[in-house]
Amino acid sequence: MNKVILTGNLTKHPELKHTDSGMAICRFSIAVNKGYGEKQKTTFVNIVTFNKTAENCEKFISRGSKVGIIGELEIRQFTGNDGQTKYMTEVLANEVEFLSSKNQLEEQPNNELVDIEDTDLPF
C-alpha cells in the first residue's frame, strides 16, 4: 500500500504547466510541522497534481494557504546536469482539500497595534 496523508501550508505559489498533449500539471511544496515548542520540526514536501485538480490548485491556493493532501509517494531517478544520478521525492496528489482560500489570506488583518486614548475604553 502506498498512501500519504498530509496537512501543511504552501511555501510558494503553485506553478502550473501544460504538456504537449494539453494535460495540466501543477507543482508546489508544503511545510508540514511535527511536534511542539522547541522540539517542533518542519518537513518540506514536494506535491504534484494533474488535470482539473492542477488547474484548481493554481487558481484557488497561494503561498501560505493551508491544504490537506491525499496521494502516493513517488521517488524519481534522473541524471543531473553534472552527470550524477539524482533522486526526487514527491507526493502525487489524488486529492487536495483547500483548508484556507486566497481570499482568507488576503483579508487577514496585518495585526498592527493602534493607539487609543483611555477615554475611548468602555470601562
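Quantities reported herein were computed from a predicted structural model and do not represent experimental measurements. (Residues numbered from 1 in each chain as written. Predicted model: local features only at pLDDT ≥ 70, side-chain atom pairs only at ≥ 80, totals over all residues. Heavy atoms only, no water.)

**Quick word on the packing of aromatic side chains**
Our working definition: By convention, a stacked pair of Phe, Tyr or Trp rings (six-membered ring in the case of Trp) has centres within 6.5 Å and planes under 30 degrees apart, an edge-to-face pair has planes over 60 apart, and any other such pair is tilted. The way it works is that DSSP assigns letters per residue, a run of H or I at least four long becomes a helix, a run of E at least two long becomes a strand, and they are numbered from the N terminus. For the exposure calls, accessible area comes from a 1.4 Å probe over protein chains only, and a residue counts as buried if that area is under 20% of its type's maximum, exposed if over 50%, partly exposed in between.
For the structure shown, the criterion picks out one aromatic pair. Centroid distance Phe 60 to Phe 98: 6.2 Å. Interplanar angle 45°. Geometry classified as tilted. You can see Phe 60 sitting in helix α1 (residues 51-60) and its partner Phe 98 sitting in strand β6 (residues 85-98), a full 38 residues away along the chain. Classification of Phe 98 by relative accessible area gives partly exposed; the value is 31%.

**Quick notes on the pairing of strand β3 (residues 24-34)**
For the record, the criterion: DSSP bridges decide pairing: two strands pair if at least two such bridges lie between them.
Within β3, eight of the 11 residues are buried, which leaves the element mostly enclosed by the surrounding structure. Pairing of strand β2 (residues 15-18) with β3, which is carried by four bridges, proceeds in the antiparallel orientation. Following the sheet pairing, Lys 17 is matched in β3 by Ile 25. Hairpin geometry of β2 and β3 is characterised by an intervening segment of five residues between the two adjacent antiparallel strands and by a positive phi of about 95° at Gly 22.

**Some thoughts on the environment of Gln 40**
This is how it is decided: Residue contacts are counted whenever heavy atoms from the two residues lie within 4.5 Å of one another. Polar contact is the term for a pair of N or O atoms within 3.5 Å; when the atoms are in protein, one must be able to donate a hydrogen and the other to accept it, and sequence-neighboring residues count only if both atoms are side-chain atoms.
Residue placement: Gln 40 occurs in the loop between β3 and β4 (41-50). Here Gln 40 is in contact with Asn 33, Lys 34 and Gly 35, once residues within four sequence places are set aside. Polar contacts involving the side chain of Gln 40 include one to the side chain of Asn 33, which spans 3.3 Å.

**A short note on the nonpolar core**
Defined as follows: By nonpolar core is meant a set of buried Ala, Val, Leu, Ile, Met, Phe, Trp, Tyr and Cys residues that side-chain atoms within 4.5 Å join together.
Membership of the largest hydrophobic core comes to 18 residues, with the highest contact counts inside it found for Leu 6, Phe 28, Ile 30, Ile 47 and Ile 69. Mapped onto this core, the elements with two or more residues apiece are β1 (4-10), β3, β4, α1, β5 (66-79) and β6. Element by element, the count of residues in this core is highest for β3, at five residues.

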